[in-house]
Amino acid sequence: MYPITLDLRNRHCLVVGGGGVALRKVQGLIEEGARVTVIAPEVVDSLAEMADRGELVLEKREYHGDADQNWALIFAATDDRETNARVFHDAEEAGVWCNVADDPELCSFHLPARVRRGSLQFAIGSAGKAPFAVRRLRKLLERRIGPEWGAWSSSAARYRGAVRALGAPRDREEALFDRFFQETVDPDELTSRVPTAAEERAWLEPSAESVDCSSAEKKATADRVGLVSLVGAGPGCPGLLTVRGRQRLMDADAVVFDRLAMAALPTDLAPEAELHPVGKEAGDHPVPQEEINDLLVRLARSGKKVVRLKGGDPYVFGRGGEEAEVLAAAGVPFEIVPGVTSGVAAMAWAGVPVTFRREAVRLTLFTAHESAKPDGPQVRWDLLAQDPHATLVGYMGVSALPQAVAKLIEHGIDPSTPAVMVEQGTTSAQRRVISTVSELPSAVEAAGLEPPALFAIGPTVAHSDTLDWISRLPLAGHRLVVPATRPELGARLESAGAEAVMLPLPATPAARVVMAALPLTGCLVCTAAEVDWMDGERDGSGWGDAVVAWCLGPEAAARARERGWSNVRELPAEIDDDELVATVAGS
């Protein structure tokens, strides 16, 4: 087989069949801009809805030799092999490429499994001979090739344009391309990064053809400069994203997001919106702050509406002030969309009110890293330790907790003061450890809590058992994928304490980021078509072998088993809310 990629924008394609397999073919074609006609006497609800929205042409009838030269591609996906064979032979006579689902002998082309990172695509195929191996290779690559490759691909395309504009000889161009690749790709780890504007200038400057923009070009750039919205994503729970923050995201051309903000991305974010992951972890900053600053300026100067999505609030230990200063110095318009700060919300989710009448009338937020600074910390440990009517909330505190506690005890805090550490606050992965301030470090180590986490010290922590509302909900800790076409199902699960990831049809790039943000515990499907639609997403990060497929009705359960899903649980198609919640909670 000879592999190629096709530009199907505005090309007419025919799909014969109206079931779940046909739905997946249609989704892929529409995603690539094709004009799709579906012929089938009956179709699943999703195809009918797409036709109602004008996304495809639907002819509800039997196939009657409709293959001709007007089609760019033809797909046959019926349950009748005789009909599929007829479509294939008609296409062969018309000289049109045809693919018959799950029947390699009746195919003039095969569809590879794809791993997509922005405009970059990795295709894996076996000429239809070993699809099981292709699926597993795709799953491997999904996990090895991170989301940063999408942003890298966009920067590579931009750099190529800059190199071509030089008009340099071919060997000089190739040397510049080699430099870009060598400086931005780690071949051993299969990771990449976006170069800074300064790096690109340095690579291009040795060429005599590289010149500064003329004043007219600079003015044109200034005239089309966009806007950067620094948006607080909240502490982790998607429902705590503000209304204004969601509005800015839905209108964005590009989103630059932190790791802690991944789960708050709207899953229905426009597929064409650029996604730039720049997340940091403790001790691991793959995209340095200077590169993030350059990226924001560069995106805005290209005329884009940019959202810089940050966990919690941009101005509360989020470097939002630093980024805003850079934007101001560069003459880039910006705005701040405050978010729910993690230090308050995570404690509320753990049953700890940070203020309480007659107990805690002051609140101090600080970074625990200050306890480990040898050159003189900015925190007044003596004042914090000797204030019995305050709640102290420490950010970024897992590794620095022992030093912070030692400082407070050294300066006179009562060692028996109640204290708590909260990991992944407000998310399905939330865990907490409650102790006294003196014993908190050993309790956290014994429980194996990891970043991101915050700790609180103060008298109000004693209310945590009484006010711990979230863990009492039956589905607390569950993270369930639900088709976006069933919002009522998502609502009933969330009211019982679950995080419902509403997955659009077809899945958007943002939805894939959200699913990968935290481990999933299950998915709910009601029809065979929804199973087919979701099947292509199960190789992504976030999904694991332990994910339970809750199938409402025998049709969905049968299709899930056909697809090789593990942990399939069949439920009645008509199940009341209480029974559904009790069944999922008891799993």
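Residues numbered from 1 in each chain as written. Predicted model: local features only at pLDDT ≥ 70, side-chain atom pairs only at ≥ 80, totals over all residues. Heavy atoms only, no water.

### Considerations on the overall build of the chain
Cut-off, in case you're wondering: Strands are runs of DSSP state E lasting at least 2 residues, helices are runs of H or I lasting at least 4, and numbering of each runs from the N terminus. Burial classification: accessible surface area is computed with a 1.4 Å probe over protein chains only, and a residue below 20% of its type maximum counts as buried, one above 50% as exposed, and the rest as partly exposed. Note on contacts: a residue pair is in contact if any heavy atoms of the two residues lie within 4.5 Å. Surface accessibility in these figures is a Shrake-Rupley result with a 1.4 Å probe; residues are shielded only by whichever protein chains are displayed. Asp and Glu count as negative and Lys and Arg as positive, but His and the ends of the chain are not part of the count. By convention, charge coordinates are those of NZ in Lys, CZ in Arg, CG in Asp, or CD in Glu.
For the chain, the count of helices and strands is 21 helices and 24 strands. Once the C-alpha set of the chain is aligned to its principal axes, its extents read approximately 90 × 75 × 40 Å. Counting every position in the chain, which comprises 587 residues, the buried fraction comes to 48%. Residue pairs in contact within the chain that sit at least 24 positions apart in sequence constitute 64% of those at least 6 positions apart. Carbon and sulfur atoms make up 51% of the accessible area of the chain, which totals about 27,800 Å². A gap of 3 Å separates the mean positions of the 61 positive and 84 negative side-chain charges of the chain.

### Points about the nonpolar core
Which entries qualify depends on this criterion: Residues belong to a common nonpolar core when they are buried Ala, Val, Leu, Ile, Met, Phe, Trp, Tyr or Cys residues joined through side-chain atoms within 4.5 Å.
Val255, Leu265, Leu309 and Val481 are the most contacted members of the largest nonpolar core, which has 65 residues in total. Among the elements that line this core, the one with the most residues is helix 18 (residues 509–517), at five residues. Dropping the residues within four chain positions of it, Leu265 is found in contact with Leu249, Val255, Phe257, Leu309, Val513 and Val514.

### Considerations on the sheet that holds strand 1 (residues 12–16)
As a reminder of what qualifies: Pairing between strands is defined by DSSP: at least two bridges between them are needed. To define axes, lines are fitted to C-alpha atoms, for helices over the stretch in contact only, and angles between the resulting N-to-C directions are given on a 0 to 180 degree scale.
Taken together, five strands build an open sheet; the order of strands is 3-2-1-4-5 and the sheet is parallel. Edge positions in the open sheet fall to strand 3 (57–59) and strand 5 (97–100), since each of these has one partner strand only. Adjacent strand axes in the sheet meet at a mean angle of 15° when their direction is disregarded. Pairing of strand 1 with strand 2 (residues 35–39), which is carried by five bridges, proceeds in the parallel orientation. Within the sheet, the bridge partner assigned to Cys13 lies in strand 2 and is Val36. Relative to the sheet, helix 3 (residues 81–94) contacts strand 1, strand 4 (73–76) and strand 5, its axis offset from that of strand 5 by approximately 165°.

### Re the sheet that holds strand 20 (residues 479–483)
In spatial order, the strands read 21-20-22-23-24; together these five strands make up an open sheet with parallel pairing. Strands with a single pairing partner mark the edges of an open sheet, and in this sheet they are strand 21 (499–503) and strand 24 (568–571). Taking the axes of each pair of neighbouring strands and ignoring which way they run, one obtains an average angle of 25° across the sheet. Inspection of the sheet shows strand 23 (residues 548–552) paired to strand 24 by four bridges, in the parallel sense. By the bridge assignment, Cys551 is partnered in strand 24 with Glu570. In this fold helix 20 (residues 554–562) packs onto strand 22 (522–525), strand 23 and strand 24, with an angle of close to 165° to the strand it touches most, strand 24.

### Things to note about the packing of helix 1 (residues 20–31) against helix 19 (residues 528–535)
Our working rule: Orientation labels follow simple angle bins: below 35 degrees gives roughly parallel, above 145 gives roughly antiparallel, 65 to 115 gives roughly perpendicular, and whatever is left gives oblique. In a left-handed crossing the near helix is turned counterclockwise from the far helix by less than a right angle, and in a right-handed crossing that turn is clockwise. Under the convention adopted here, Pro, Cys and the residues Ala, Val, Leu, Ile, Met, Phe, Trp and Tyr are nonpolar, Asp, Glu, Lys and Arg are charged, and Gly plus all remaining residues are polar.
With their axes 8 Å apart at the nearest point, helix 1 and helix 19 run at an angle of 45° to one another. On the basis of their axis angle, the class for helix 1 and helix 19 is oblique. When you trace helix 1 past helix 19, the crossing you get is right-handed. Residues Gly20, Val21, Leu23, Arg24 and Gln27 of helix 1 lie in contact with helix 19, whose contacting residues are Ala529, Asp532, Trp533 and Asp535. Grouping the constituent residues of the contact of helix 1 with helix 19 by class yields four nonpolar, two polar and three charged.

### Notes on the side chain of Glu291
Put simply, the rule is: Pairs of N or O atoms within 3.5 Å make up the polar contacts considered here, provided that, within protein, one atom can donate a hydrogen while the other can accept it, and that residues adjacent in sequence are counted only when both atoms are side-chain atoms.
Among the secondary structure elements, Glu291 is positioned in helix 10 (residues 289–301). Within the structure, Glu291 has its side chain in polar contact with the side chain of Arg193 (distance 3.2 Å). Non-local contacts of Glu291, meaning those with residues more than four positions away in its chain, are made with Arg193, Val194, Thr196 and Glu199.

### Things to note about the confidence of the model for the chain
Rules: pLDDT gives the predictor's per-residue confidence on a scale running from 0 to 100.
The pLDDT averaged across the chain works out to 89; a share of 94% of its residues lies at or above 70. In the predicted structure, residues 207–221 sits below a pLDDT of 50 and forms nine contacts with residues beyond four places in sequence or in another chain.

### Some points on the environment of Ser229
In this structure, Ser229 sits in strand 10 (residues 227–232). Through-space distance from the C-alpha of Ser229 to that of Gly118 is 22 Å; in sequence the pair is 111 residues apart. Leaving out residues up to four positions away in the same chain, Ser229 has contacts with Arg248, Val306, Val307, Arg308 and Glu335. Of note is the side chain of Ser229, whose polar atom sits 2.7 Å from the side chain of Glu335.

### Concerning the packing of aromatic side chains
As a reminder, the rule being used: Centres within 6.5 Å are what make two rings of Phe, Tyr or Trp a pair, Trp counting through its six-membered ring; a difference in plane orientation under 30 degrees is then read as stacked, over 60 as edge-to-face, and the rest as tilted.
On inspection of all chains with the given rule, the structure shows 12 aromatic pairs. Here the aromatic rings of Trp149 and Trp152 are separated by 5.1 Å at their centres, their planes lie at 70°, and the arrangement is edge-to-face. Linking Trp149 with Trp152, this pair stays in helix 5 (residues 148–165), spanning three residues, or about one helical turn. You can call Trp149 buried: its relative accessible area is 7%. For Trp152, a relative accessible area of 9% gives the class buried.

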